[in-house]
Amino acid sequence: MSARRALEALGANIKTARLKRRISVKGFAERIGVSESTVARLEKGDDGVSIGTLAMACLVLGEIDRISEFLDAGTDDTGLLLDRESLPKRIDRKRKPRSPSSGQDKADPIADGDDEEGVGF
């Protein structure tokens, strides 16, 4: 979907929400703090309407939470996928130099490179 069509759909959704709540353009404009022509531009999806006006419209419509949830990092599927892809494939642990006289077997969990910084499982 192009940005233009997305803005038009957003504007139409705002208009529908306003009408469902039986708020006139004049009343909506007063509550948002803008002119009636700005409300008309918002409802047409004009890209020149400020984000502050959009936020106030959402507040008046009782939908302000949608602004704060927009592209939330916890629900951003693309961002989460990119995070997962950037994880290391393996993690090399720090190794302590071994003294030849230690006489410990490699199967011994204490001698196998674990140090005070981490916990071996």
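In the block above lies the structure referred to throughout.
Residues numbered from 1 in each chain as written. Predicted model: local features only at pLDDT ≥ 70, side-chain atom pairs only at ≥ 80, totals over all residues. Heavy atoms only, no water.

Asks: Could you give an account of helix α3 (residues 36-44), naming the residues involved and the relevant values?
Replies: Those residues of α3 not exposed but buried are Thr-38, Val-39, Leu-42 and Glu-43. Along the axis of α3, the buried residues cluster in a sector spanning 135°; they form a single face. After α3 finishes, the residue Gly-45 shows a positive phi value of roughly 85°. (Buried < 20%, exposed > 50% of the residue type's maximum accessible area, 1.4 Å probe, protein only. Helix = DSSP H or I, 4+ residues; strand = E, 2+ residues; numbered from the N terminus. Arc of directions from axis to C-beta.)

Asks: Now, about the packing of helix α1 (residues 3-20) against α3: what can you tell me, with residues and values included?
Replies: Viewed as axis vectors pointing N to C, α1 and α3 meet at an angle of 120°, and their least axial separation amounts to 5 Å. Judged on the interaxial angle alone, α3 and α1 are oblique. Seen from α1, the contacting residues are Arg-4, Glu-8, Gly-11, Ala-12, Ile-14, Lys-15 and Arg-18; seen from α3, they are Leu-42, Glu-43 and Lys-44. (Axes fitted to C-alpha atoms, helices over the stretch in contact; angles between N-to-C directions. Parallel < 35°, antiparallel > 145°, perpendicular 65-115°, else oblique. Contact = heavy atoms within 4.5 Å.)

Asks: Can you lay out a nonpolar patch on the surface for me, pointing to particular residues and giving the numbers?
Replies: A cluster of nonpolar side chains, namely Met-56, Leu-59, Ile-64 and Ile-67, defines an oily patch on the protein surface of about 300 Å² accessible area. Relative to the helices and strands, Met-56 is located in helix α4 (residues 51-60). Residue Met-56 is classed as partly exposed on the basis of its relative accessible area of 32%. (Patch = residues over 30% accessible without salt bridge, like charges linked within 9 Å, V, L, I, M, F, W, Y side chains within 5 Å. Areas by Shrake-Rupley, 256 points an atom, 1.4 Å probe, with all protein chains shown as cover. Salt bridge = Lys/Arg side-chain N within 4 Å of Asp/Glu carboxyl O.)

Asks: Pulling in residues and values, what's your account of the packing of helix α2 (residues 25-32) against α3?
Replies: Packing of α2 against α3 brings their axes to within 8 Å, and their N-to-C directions diverge by 100°. Classified by the angle between their axes, α2 and α3 sit roughly perpendicular to one another. Where α2 approaches α3, its residues Val-25, Lys-26, Phe-28, Ala-29 and Ile-32 are matched on the opposing element by Glu-36, Val-39 and Glu-43. For the contact of α2 with α3, the residue count by class is five nonpolar, no polar and three charged. (Nonpolar A, V, L, I, M, F, W, Y, C, P; charged D, E, K, R; others polar.)

Asks: Report on unusual backbone geometry, specifying residues and quantitative values.
Replies: Across residues other than glycine, the phi torsion is negative in most instances, and most of the peptide bonds are trans. Even without glycine at this site, Arg-22 takes up a positive phi of about 55°. Tracing the chain through its elements places Arg-22 in the loop between α1 and α2. The exposure class of Arg-22 is exposed, given its relative accessible area of 76%. Non-glycine residue Leu-71 carries a positive phi angle of around 55°. Here Leu-71 falls in the exposed class, since its relative accessible area comes to 62%.

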